[in-house]
Amino acid sequence: MLWVLFLLVAWAAAALSCIRLCLATTVVAPRPAATTPEPARHALNLYETAFLAGGPHRVADLALVSMHLRRRLLLAHTGWATVVDPEGRDEVERTVIRAIGPDGQSRIAPVRAAAAAAEGVRALADRLVAAGLAVPHGTRTGVASAARAVRASAVLVVVLAGAAVLLPGREPDGAGPVVAWFGLPLVLTLGCLAIARVENYPYSPWASPSGQQWLDSLPAPVSGADRDLLAAVAVQGVRAVQDPALRAALTGRRTGWSAHPGHYM
């Protein structure tokens, strides 16, 4: 009956990891919006909206698109950024310019990473957390860690089930009931992951319930003027960019184009 010990271990791992995930997601799960959402204490700017919708990398994408549209920066469809105006209007733009370097030209990917990790973006995040609109960093990492633990438990259940079936001295026709018993904790772990995903989709992992209500209260982004495009990028990300060359510059997909940095849009 050694397989029973394996089953107990599987149940313990599945139950503990699922409870941990449920507790973690309860902290950040968006509550149903009230009929009239409580307004933010002040109107959020586009950087703050971008952070709530997509985190620090969304802020970096917004800065790059904004600087490109205002001809302060050239984003080539080959994935290179070139400085046109070296005077940034805010700390995020100044970080982008510093990340490009003294040569005035750099690949876009490291520039985006540097801008996302900038002190200005961290300060913006701290302000939103203090205002109750963003989820603290520790809470976000806690949810991700709990989800990884549930996935690991699911793998452990499968491994233990295989070990139980392969134990010496077991009759071939006895494998079916053993597998069925191990199927219960496996269903528990997979179901917990599925429910957590459904409960939090399409909500942002960066926004608190109040922050999510703010995002839900925003009008649907439209295509048109530069301000409209920037608002769409803040809420929806790079997928809101309709210009294929600009989208290629931001996503790094350069199919059919030369990779030479001098080939600009």
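Scoring rules and cut-offs
Residues numbered from 1 in each chain as written. Predicted model: local features only at pLDDT ≥ 70, side-chain atom pairs only at ≥ 80, totals over all residues. Heavy atoms only, no water. Salt bridge = Lys/Arg side-chain N within 4 Å of Asp/Glu carboxyl O. Helix = DSSP H or I, 4+ residues; strand = E, 2+ residues; numbered from the N terminus. Buried < 20%, exposed > 50% of the residue type's maximum accessible area, 1.4 Å probe, protein only. Phe/Tyr/Trp six-rings, centres within 6.5 Å; stacked < 30°, edge-to-face > 60°. Lys, Arg positive; Asp, Glu negative; His and termini not counted. Polar contact = N/O pair within 3.5 Å; in protein donor to acceptor, adjacent residues only side chain to side chain. Contact = heavy atoms within 4.5 Å. Patch = residues over 30% accessible without salt bridge, like charges linked within 9 Å, V, L, I, M, F, W, Y side chains within 5 Å. Areas by Shrake-Rupley, 256 points an atom, 1.4 Å probe, with all protein chains shown as cover. pLDDT = per-residue confidence, 0-100.

(A) View of the pattern of salt bridges. Under the defined criterion, the tally for this structure stands at seven salt bridges. Arg-112 serves as the salt-bridge partner of Asp-61, at 2.6 Å between the closest nitrogen and oxygen. Pair noted here: Asp-61 is in helix α3 (residues 56-69) and Arg-112 is in helix α5 (residues 108-116), with a separation of 51 residues, a long-range link. By the burial criterion, Asp-61 is buried, and Arg-112 matches it. Linked through salt bridges whose partners overlap, the residues forming this network are Arg-72, Asp-85, Arg-89 and Glu-93.

(B) Up close: the packing of aromatic side chains. Under the criterion given, the structure shown has one aromatic pair. Measuring from centroid to centroid gives 5.6 Å for Phe-51 and Trp-206, while their planes differ by 65°, and the two rings are edge-to-face. Note that Phe-51 is positioned in helix α2 (residues 46-54) and Trp-206 in the loop between α8 (175-200) and α9 (209-217), a separation of 155 residues in sequence. Its relative accessible area of 3% is what places Phe-51 among the buried residues.

(C) Structural view of the side chain of Arg-58. In this structure, Arg-58 sits in helix α3. For the buried Arg-58, which has no salt bridge, the nearest side chain bearing the opposite charge is Asp-61, at an N-O separation of 5.4 Å. A polar contact of 3.0 Å, which involves the side chain of Arg-58, links it to the backbone oxygen of Val-235. Beyond its immediate chain neighbours, meaning those up to four positions away, Arg-58 contacts Ala-50, Ala-53, Val-233, Ala-234, Val-235, Gln-236 and Gly-237.

(D) Looking closely at the environment of Ala-117. Structurally, Ala-117 can be placed in the loop between α5 and α6 (119-130). Using a relative accessible area of 45% as the deciding quantity, one classes Ala-117 as partly exposed. Linking Ala-117 and Pro-56, residues 61 residues apart in sequence, is a C-alpha distance of 7.2 Å.

(E) Local environment of a nonpolar patch on the surface. The grouping of Leu-2, Leu-5, Leu-8, Val-9 and Leu-156 at the surface amounts to a nonpolar patch, some 430 Å² of accessible area in total. Sort the elements by how many residues they give to the nonpolar patch and helix α1 (residues 2-28) lands first, with four residues. Considering the arrangement of structural elements, one finds Leu-156 in helix α7 (residues 137-165). For Leu-156, a relative accessible area of 32% corresponds to the partly exposed category.

(F) Seen up close, the confidence of the model for the protein chain. When pLDDT is averaged across the protein chain, the result is 81; 80% of the residues are at 70 or more. Across the protein chain, the element-wise mean pLDDT spans from 81 in α9 up to 94 in α3. Across residues 30-41, confidence stays below pLDDT 50; counting only partners more than four residues off in sequence or on other chains, it has 12 contacts. Contacts for the low-pLDDT stretch residues 255-265, under 50 throughout, to residues beyond four places or in other chains number 28 contacts.

(G) The environment of Ser-208, seen in detail. Mapping Ser-208 onto the fold places it in the loop between α8 and α9. When the C-alpha positions of Ser-208 and Val-129 are compared, they lie 8.4 Å apart, and in sequence the two are 79 residues distant. Those residues in contact with Ser-208 that sit more than four places away from it in its chain are Gly-132, Leu-133, Ala-134 and Val-135. A polar contact is formed between the side chain of Ser-208 and the backbone oxygen of Gly-132, at a distance of 2.5 Å.

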